[in-house]
Amino acid sequence: MTAATLHIATPTPTERTLLRVAGGLTAFVAHRRERRAERREIALDLLREQQARKQDPHAVDHALALQGVNRR
């Protein structure tokens, strides 16, 4: 009776395969999620940099005036 109970308690080969596939799929999804988060962070950093780089229109007019060019 104990042997029958132990046999039922262990996963079948099919169940072991499914557990392995599920583990692999979980790892794959976690890796994709991490890569997507990294790409999103890089995109946000680039956007912040672009927005910070925009110049004040008055500063451009002032720089043009210093060079002797007519204002826009």
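Since the model is a prediction, treat every value here as computed from it, not as a measurement.

1. A closer look at the overall build of the protein
Here's step 1: Looking only at helices and strands, the protein features three helices and zero strands.
Here's step 2: Its helices and strands taken in sequence order, the protein reads α-α-α from the N to the C terminus.
Here's step 3: For the protein, the proportion of its 72 residues judged to be buried stands at 1%.
Here's step 4: For the protein, the accessible surface area stands at approximately 6,900 Å², while carbon and sulfur atoms represent 60% of it.

2. Section: the pattern of salt bridges
Here's step 1: Throughout the structure, instances matching the rule amount to two salt bridges.
Here's step 2: In this structure, the salt-bridge partner of Arg35 is Glu38, at a minimum N-O distance of 2.9 Å. You can see Arg35 and its partner Glu38 sitting in helix H2 (residues 13–53), three residues apart, about one turn around the helix.
Here's step 3: By relative accessible area, which is 37% here, Arg35 ends up partly exposed.

3. Describing a positive patch on the surface
Here's step 1: On the surface, a cluster of positive charge is made up of Arg32, Arg33, Arg36 and Arg39.
Here's step 2: Here Arg39 shows up in helix H2.
Here's step 3: Relative accessible area serves as the criterion here: at 49%, Arg39 is assigned to the partly exposed category.

4. Some details on the confidence of the model for the protein
Here's step 1: Summary statistics for the protein give a mean pLDDT of 84 and a share of 83% for residues scoring 70 or more.
Here's step 2: Of all the helices and strands in the protein, helix H1 (residues 2–9) carries the lowest mean pLDDT, 64, while H2 carries the highest, 94.

5. Quick notes on a nonpolar patch on the surface
Here's step 1: Together, Leu25, Phe28 and Val29 make up a nonpolar patch on the protein surface, roughly 300 Å² of accessible area in all.
Here's step 2: Along the chain, the position of Phe28 falls in helix H2.

Parameters and conventions
- Residues numbered from 1 in each chain as written.
- Predicted model: local features only at pLDDT ≥ 70, side-chain atom pairs only at ≥ 80, totals over all residues.
- Heavy atoms only, no water.
- Helix = DSSP H or I, 4+ residues; strand = E, 2+ residues; numbered from the N terminus.
- Buried < 20%, exposed > 50% of the residue type's maximum accessible area, 1.4 Å probe, protein only.
- Areas by Shrake-Rupley, 256 points an atom, 1.4 Å probe, with all protein chains shown as cover.
- Salt bridge = Lys/Arg side-chain N within 4 Å of Asp/Glu carboxyl O.
- Patch = residues over 30% accessible without salt bridge, like charges linked within 9 Å, V, L, I, M, F, W, Y side chains within 5 Å.
- Lys, Arg positive; Asp, Glu negative; His and termini not counted.
- Charge placed at Lys NZ, Arg CZ, Asp CG, Glu CD.
- pLDDT = per-residue confidence, 0-100.

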